[in-house]
Structure formats: C-alpha cells, structure tokens
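# A look at the structure
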Amino acid sequence: MILVLRALGVGDLATAVPALRGLRAGLPGRELVLAAPAWLAPLVELTGAVDRLLPTTGPHRIGWRGPPPEVAVNLHGRGPESHRALAATGPGRLLAYRNPSAGHLDGPAWDGDEHEVRRWCRLLHAYGLPADPGDLALRRPAPAGVPAGVTVLHAGGKVPAKRWPADRFAGLARTLAARGHRVVLTGSADERALAARVAADAGLPPSAVLAGRTGLAELAALVADARLVVSGDTGVAHLATGYGTASVVLFGPVPAAHWGPPVDRPRHRALGGAERAGSGRGSAGSGGVGTHPSLDAIGIDEVVAAVAAVERVPGAVAA
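What this report covers is the structure whose coordinates are included nearby. The numbers attached to residues start from 1 for each chain and follow its sequence in the written order. This being a predicted model, a pLDDT of at least 70 is required before a residue's local features are given, and a value of 80 or more before pairs of side-chain atoms are given or counted; all residues contribute to the totals for chains, interfaces and linings. Computation of side-chain values covers all heavy atoms of the structure but excludes hydrogens and water.

## What to know about the packing of helix 2 (residues 17-26) against helix 5 (residues 116-126)
Any two packed helices are characterised by the angle at which their axes cross and by the distance between the axes. Relative to each other, helix 2 and helix 5 sit at 20 degrees, their axes nearing to 8 Å. Judged by the angle between their axes, helix 2 and helix 5 are roughly parallel. Handedness of the crossing formed by helix 2 with helix 5: right-handed. Across the interface between the two elements, Pro18, Ala19, Gly22 and Leu23 from helix 2 touch Val117, Trp120, Cys121 and Leu124 from helix 5. Split into classes, the residues belonging to the contact of helix 2 with helix 5 amount to 7 nonpolar, 1 polar and no charged. Note on geometry: axes are C-alpha line fits, over the in-contact stretch for helices, and angles between N-to-C directions span 0 to 180 degrees. In this description a helix means any DSSP run of H or I spanning at least four residues, a strand means any run of E spanning at least two, and both kinds are numbered starting from the N terminus. The scheme is simple: roughly parallel for angles under 35 degrees, roughly antiparallel for over 145, roughly perpendicular for 65 to 115, oblique for anything else. Left-handed describes a crossing in which the near helix is turned anticlockwise from the far one by less than a right angle; the clockwise case is right-handed. Note on contacts: a residue pair qualifies if any of its non-hydrogen atoms lie within 4.5 Å across the two residues. Each residue receives one of three labels: charged for Asp, Glu, Lys and Arg, nonpolar for Ala, Val, Leu, Ile, Met, Phe, Trp, Tyr, Cys and Pro, and polar for the others, Gly being one of them.

## Notes on the packing of helix 6 (residues 166-178) against helix 7 (residues 192-202)
Two elements in contact, helix 6 and helix 7, have axes separated by 8 Å at closest approach and are oriented at 50 degrees. Considered as vectors, helix 6 and helix 7 are oriented oblique to each other. Remark: the crossing between helix 6 and helix 7 carries right-handed chirality. Side by side, helix 6 and helix 7 meet where Ala166, Phe169, Ala170, Ala173 and Arg174 of the first sit next to Leu194, Arg197, Val198, Asp201 and Ala202 of the second. For the contact of helix 6 with helix 7, the class distribution of residues is 7 nonpolar, no polar and 3 charged.

## Some details on helix 7
Of the residues making up helix 7, those classed as buried are Leu194, Ala195, Val198, Ala199 and Ala202. The buried residues of helix 7 occupy an angular sector of 135 degrees when the element is viewed end-on, so they sit on one face. Structural note: helix 7 exposes Ala193 and Ala200 on the side pointing more than 90 degrees away from its buried face. Once helix 7 finishes, glycine 203 follows within two positions and takes phi at roughly 80 degrees, a positive value. Only protein chains enter the accessibility calculation, which uses a 1.4 Å probe. A residue is then buried if its area is under 20% of the maximum for its type, exposed if over 50%, and partly exposed in between. Regarding the arc, it is the one traced by the directions from the helix axis to the C-beta atoms.

## Section: unusual backbone geometry
Here the residue pair glycine 79 and proline 80 is connected by a cis peptide bond, since its omega of 10 degrees sits within 30 degrees of zero. Relative to the helices and strands, proline 80 resides in the loop between strand 4 (71-74) and helix 4 (81-87). For the bond from glycine 252 to proline 253, the omega torsion is -5 degrees, close enough to zero to count as cis. Residue position: proline 253 is located in the loop between strand 9 (247-251) and helix 10 (256-259).

## Regarding the sheet that holds strand 7 (residues 183-186)
With respect to topology, 5 strands assemble into an open sheet ordered 7-6-8-9-10, the strand pairing being parallel. A single partner strand is all that each edge strand has here, and the edge strands are strand 7 and strand 10 (268-272). Geometrically, the sheet is characterised by an average inter-axis angle of 15 degrees between neighbouring strands, direction not taken into account. Should DSSP find at least two bridges between two strands, the strands are regarded as paired. Here strand 8 (residues 228-232) pairs with strand 9 via 4 bridges, running parallel. When the sheet's bridge partners are listed, serine 231 is paired in strand 9 with valine 249. Across the sheet, helix 6 touches strand 6 (151-154), strand 7, strand 8 and strand 9, and the angle it forms with strand 6 is around 175 degrees.

## Focus on the pattern of salt bridges
Salt-bridge detection follows one rule: a side-chain nitrogen of Lys or Arg within 4 Å of a carboxyl oxygen of Asp or Glu. Scanning the model with the defined rule gives 12 salt bridges in all. Note that glutamate 70 and arginine 30 form a salt bridge whose closest N and O atoms lie 3.0 Å from each other. Of this pair, glutamate 70 sits in the loop between strand 3 (52-55) and strand 4 while arginine 30 sits in the loop between helix 2 and strand 2 (32-36), and the two are 40 residues apart along the sequence. Note that aspartate 225 and arginine 140 form a salt bridge whose closest N and O atoms lie 2.2 Å from each other. Taken together, the residues aspartate 225 in the loop between helix 8 (216-224) and strand 8 and arginine 140 in the loop between helix 5 and strand 6 connect sequence positions 85 residues apart. Among the residues examined, aspartate 225 registers a relative accessible area of 38% and is labelled partly exposed. Several salt bridges share partner residues, and in doing so they unite Arg6, Glu116 and Arg119 into one network.

Honestly, it's all geometry; don't read function into it.
The structure is reproduced here in structure tokens:
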C-alpha cells in the first residue's frame, strides 16, 4: 500500500496529478491512499489515480489506523513536520525531499525556485519512478446541471494579495458581456458578496452570481464546459488547465513560473508576476486593498487582449 500526503487545496491537488499518476504507474498493483481534506473528494476521484481518500486536514492530523504502508510519499512539503508525520506511520520506505532535521537524509535537495508540478515529478524521478509534468488532464465530471459555454470570472481567493481589484473584474465583465460572453461569477460562500458586487457593478443579473452555489463537483463541471476562465492564482485556474478550457490567469506576488499553466499551451495565458512590482501600470482602476503591486499593475485592456489571444487558438470558442 502507498500512503501519499497532500493535505492542501484544489490547486495543490491539481498540480500533484502527474506525480500521483507516476506513483500509480511506477508502483503497480498497490492500493494508493491519499491523505487530503475530505472536501476534496470529488476532485480526488477525477484524478483517476487514487483508490482511497484518508480525510486529513494537515500533516499533524494523519489518522492512519492500518498496518504500516509499504511506501509513504511526501507530496506536501519539504518537512520536517510532514516528514515526521509520515515516518510515524512506520512505512517500509519514505519518499521525500532531503531534510536532516527530520532524520531524512535520502532524497533530492529542495529547490525553492521551481514550478510546483515539476517539483513533485523531480522527487519521483530521483527515486527511479516515472512522472510526466504534462499529464495534467482531469477526468470529465458527471453532468451537474450547471450552464455550459459560459465565461467564468473568479474574483476571489484566500490570499488578499493575490486578488485582482474587484472594480477591474467588473470592468472586464462589462466588456466581455458586450462582446457576447455569457459571464458568471464563481467563488466560495464567503465570497458571494464580492461576486454579487462585481456582477452589480458590471450590470449583470443576480442569476450570474454562482459563488456559494456550487460544490466542488459542480465547479469542475462548470469549468470543464466553460468557454473561458479568468481568475487569479487560485484553484479554478488549475481546473481550467486540467480541462483544456481557455484561461487567463492573473499573478502576483507568486510568479507564474512557480504556479502558472504550462508555457507550451497557448490556450492558457498568464499575466503579471512579482517582477512587475512598481511598474506603475495600476492606473487602469483603483487598487484592491492588500493587492500586490505586480497584480495591481495589470490593466483591464491587457486582460481583454489576452482573452482575445487565447480565443484565437484552435479549439477555443471565439467571439
């Protein structure tokens, strides 16, 4: 049995898909158990790489009750806490990045300047296991009664610094709606007020606000059949990559080189990044409270141009 720790969020799980599939291919015939939050269950199923989900909210809460796993794999972080938590399950072997303070001298050295997808593939490669960084496709979800062909704008995000200003999302929504896009606003229940404000400022009807009204399975179905996704650096962007849905992702303060869509896929465009801080291009709208300068520097016109670019790519639905 293989026990894998990745007790994080939507984007974290999506970026670990190539590594999970590599474990499945490289260690066949074994049950693969993923320690991750219970609410991720719909997305875990869509990876097609996991046999069982072990509800886990963090490395200090791995409730393993079975026999020692044959292999434990740390896809959670560099340690030491996550290393120690997995070691406590008594695995025959621990695959993880080197961390002397956790007593783990095996494995490659951590590289802080590395894309998240490649980080975990490199870990597996160091142990002689396969992993294809391009293997990001997710299984299509079952029909969920959500609209198809819509343009999804996701104005929220857990980290305020990674949110593009709401007034610019409203301006973008207004522009895209005028160009024939059927715009909807997604987000968590806590972000419903934000999404409603963006919709109202854009002149969209209340029915355009889907924030707080979709579970993870419904959100995946919405993105899978969407025309376009525009979001910050958050989980929805990774769903768009997983389904090949045209997307524009707005970055800051974390650079796209660490969390962005694959650079060889023209249907996905990343804008912004830490290197643009202080560029003075934030005059296209009022800055958001706490918004990182590199993200605040992205104007509406730049996003509209990026939308046009990804929609010119074969396979996208152009206006």
